[in-house]
Amino acid sequence: MSKFNAIRPYYDAEVNEAILSAINHPMMKALMNFAYENVDDSVWKEQLKRTHSIRDFQINFAYKAVKKVLEKSSDGLSTSGFEKLEPNTAYLFISNHRDIILDTSLLNVCLHEHGLVMTASAIGDNLVKKDFLKTLSKLNRNFLVQRGLPPRELLESSKLMSEYIGQLLLRENRSVWIAQREGRTKDGNDATHSGVLKMLAMASGESSMLDYFKKLKIVPVSISYEYDPTDALKMPQLMAEANAEKYIKDKNEDFITLLSGIIGQKKRIHIHVGEILSNEIDEIAHEFDNTNKQVQALAQVLDDSILQSYKLWPTNYIAYDLLFKSEQFKAFYTENEKSLFERRLEMRIDESNPQMVEGFLAMYANPVVNKMKYENAG
């Protein structure tokens, strides 16, 4: 199995040594003091030293830390659809992507609480440049997506990742989480990139791509946050793109975004898991014999499911009405909710820049626009 060494998480046999190498890191202390308030450091250190598997680490430490994040920075997490999933069964969860760490951490909290298999999750290697973050991600069963490679190496890396995902799902009975696109959605338009599906198909071997996809048990996931804690941080990139300028990330930008996502206020959060895509794949096979068309059709099926199940919050309706200067959705929010949202807008961005105001509002309004398209089409 050594060919996956560059991207895989730790094996259980490596967990304890990795923990011992990171136990005195200041960020470990900060993390543990956050998760275990008013508990002496010696207590969590002792427990960490006795941890010898990823599952132990996830349940005793990561799970508690995420629950604490929810308690401190949200008004609660609600779910739908999990009751349709079977225990001891591996699924390939393909979800919209809003927050670097939380999307997958929250999904795993829900899977654990429903007695289901937790995921191995894809994470860009650009996000774990610091040794401590890399150790932490490997302890959390993340596998690395290699970014920024030249074309030939990118192809090799995609093949390796495709094989690894197949190995996890079909041989190790381990669920996998992957985002529907590379990078987070900045403008509120969730769309599946066909490149993600093409990468997954690379490991199909002799079997047809669609038969292989059926074996993977693809489940679409919609995650929606009432407030996006990183909304203002997404603005510089959105502005650059609006002006057709090349956007260059600041060297600490990913890290600041990662931290803001965790500690920033999210208010309510909802996660919906859809049905396994099985009949839909049969229909695609029946309708198209061209691989590219099949990939596009499957991307469309994922988008339909993710957008239709996306939970809209008052913030989405308020942003829509502000953006289009309408009162179409005023029954869906209170005056108080509206003034809180306007206050957020005022505090977070430069209101004298109309382009910026529009970008910020569109980020929240686009899910409403997208949902209306479906309702009108239906």
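The residue numbers shown here count from 1 along each chain, following its written sequence. Totals for whole chains, interfaces and linings use every residue, but because this is a predicted model, local features are given only for residues with pLDDT of at least 70 and side-chain atom pairs only at 80 or more, for both listing and counting. Here the side-chain values reflect all heavy atoms present in the structure, with hydrogen atoms and water set aside.

(A) Representation of helix H4 (residues 54-73) in the model. The sharpest bend along H4 reaches about 35° and sits at alanine 62. Those residues of H4 that sit buried are Ile54, Phe57, Gln58, Phe61, Ala62, Tyr63, Ala65, Val66, Lys68, Val69, Leu70 and Ser73. The angle between axes fitted to the seven residues ending at a residue and the seven residues starting there is what we call the bend at that residue. Each helix is a run of DSSP H or I of at least 4 residues and each strand a run of E of at least 2, with the numbering of both proceeding from the N terminus. The cut-offs for exposure are 20% and 50% of the maximum accessible area for each residue type, with area from a 1.4 Å probe on protein chains only; residues under the lower value are buried, those over the upper are exposed, and the others partly exposed.

(B) Quick look at the packing of aromatic side chains. Here is the rule: rings of Phe, Tyr and Trp (six-membered ring for Trp) pair when centre to centre is within 6.5 Å. Planes less than 30 degrees apart are stacked, more than 60 are edge-to-face, and the remainder are tilted. Under the defined criterion, the tally for this structure stands at 14 aromatic pairs. Between tyrosine 317 and phenylalanine 332, the ring centres sit 4.4 Å apart and the planes meet at 25°, which makes this aromatic pair stacked. Residue tyrosine 317 is found in helix H14 (residues 314-323), and its partner phenylalanine 332 is found in the loop between H14 and helix H15 (335-348); the two are separated by 15 residues along the sequence. Ring-pair connections join several aromatic residues into one group, and the members of that group are Tyr317, Tyr320, Phe324, Phe329 and Phe332. The rule for a charge over a ring is simple: NZ of Lys or CZ of Arg within 6 Å of the ring centre, and within 35 degrees of the ring normal. One residue, arginine 8, lies across the ring of tyrosine 11, its end atom 3.6 Å from the ring centre.

(C) Structural context of the pairing of strand S3 (residues 119-124). With 6 of 6 residues buried, S3 is to be regarded as a mostly interior element. Residues of S3 alternate between two faces, with Thr119, Ser121 and Ile123 on one and Ala120, Ala122 and Gly124 on the opposite face, all of them buried. A strand pair is defined by DSSP finding two or more bridges across the two strands. Bridge count for S3 against strand S5 (residues 175-179) is 3 bridges, and the pairing is parallel. Residue threonine 119 lies in a different strand from S5, and its bridge partner there is serine 175. Relative to strand S4 (residues 142-145), S3 runs parallel, the two being bridged by 4 bridges. For serine 121, the partnering residue across the bridge sits in S4 and is asparagine 142. Here a crossover is taken to be right-handed if, once the strands point away from the viewer, the path from the first strand over the helix to the second is traced clockwise. Regarding topology, helix H6 (residues 131-139) serves as the crossover connection from S3 to the parallel S4, and that connection is right-handed.

(D) Representation of empty space enclosed by the protein in the model. The pocket and cavity definitions rest on a 1 Å grid over protein atoms only: a 1.4 Å probe that fits but cannot leave marks a cavity, an open set with protein on both sides within 12 Å along at least five of seven lines marks a pocket, and residues lining either have an atom within 4 Å of a point. Grid points are joined across faces, edges and corners, and a volume is the space filled by probe spheres set on the points. Considering all chains together, one arrives at 3 cavities of 30 Å³ or more under this definition. The calculated volume of the largest cavity comes to roughly 100 Å³. Classifying every residue of the lining of the largest cavity by side-chain character gives 4 nonpolar, 3 polar and 3 charged. All amino acids are sorted into three groups, where Ala, Val, Leu, Ile, Met, Phe, Trp, Tyr, Cys and Pro are nonpolar, Asp, Glu, Lys and Arg are charged, and the leftover types, Gly among them, are polar.

(E) Spatial organisation of the pattern of salt bridges. Any Lys or Arg side-chain nitrogen located within 4 Å of an Asp or Glu carboxyl oxygen qualifies as a salt bridge. Scanning all chains against the criterion turns up 16 salt bridges. Here arginine 348 ties to aspartate 231 by a salt bridge, and the two come within 2.3 Å at their closest N and O atoms. Pair noted here: arginine 348 is in helix H15 and aspartate 231 is in the loop between strand S6 (218-225) and helix H10 (235-242), with a separation of 117 residues, a long-range link. Judged by its relative accessible area of 0%, aspartate 231 is buried. One salt-bridge network, in which partners are shared between bridges, spans Glu37, Lys68, Glu71 and Lys72.

(F) Main features of the packing of helix H12 (residues 279-287) against helix H13 (residues 291-308). A fitted line through C-alpha atoms represents every axis, and for helices the fit uses only the stretch in contact; the resulting angles, taken between N-to-C directions, go from 0 to 180 degrees. The contact between H12 and H13 brings their axes to 10 Å, and the two run at 150°. On the basis of their axis angle, the class for H12 and H13 is roughly antiparallel. When you trace H12 past H13, the crossing you get is right-handed. Only Gln294, Ala297, Leu298 and Val301 of H13 make contact with H12, whose side of the interface consists of Glu280, Ile281 and Ile284. Per-class residue counts for the contact of H12 with H13 are 5 nonpolar, 1 polar and 1 charged. Note on terminology: angles under 35 degrees are roughly parallel, angles over 145 are roughly antiparallel, angles of 65 to 115 are roughly perpendicular, and the others are oblique. Crossings are classed by handedness, with left-handed meaning an anticlockwise turn of the near helix from the far one by less than a right angle and right-handed meaning a clockwise turn. Whether two residues are in contact is decided by their heavy atoms, any of which lying within 4.5 Å being enough.

(G) Looking closely at the sheet that holds S4. Spatially, S1-S7-S6-S2-S5-S3-S4 is the arrangement adopted by the 7 strands of the open sheet, whose pairing is mixed. The open sheet has two edge strands with one neighbour each: strand S1 (74-80) and S4. On average, each strand axis in the sheet is tilted by 25° relative to the strand beside it, whichever way the strands run. The sheet contacts of helix H7 (residues 151-171) involve strand S2 (92-95), S3, S4 and S5, and relative to S4 the element is tilted by about 160°.

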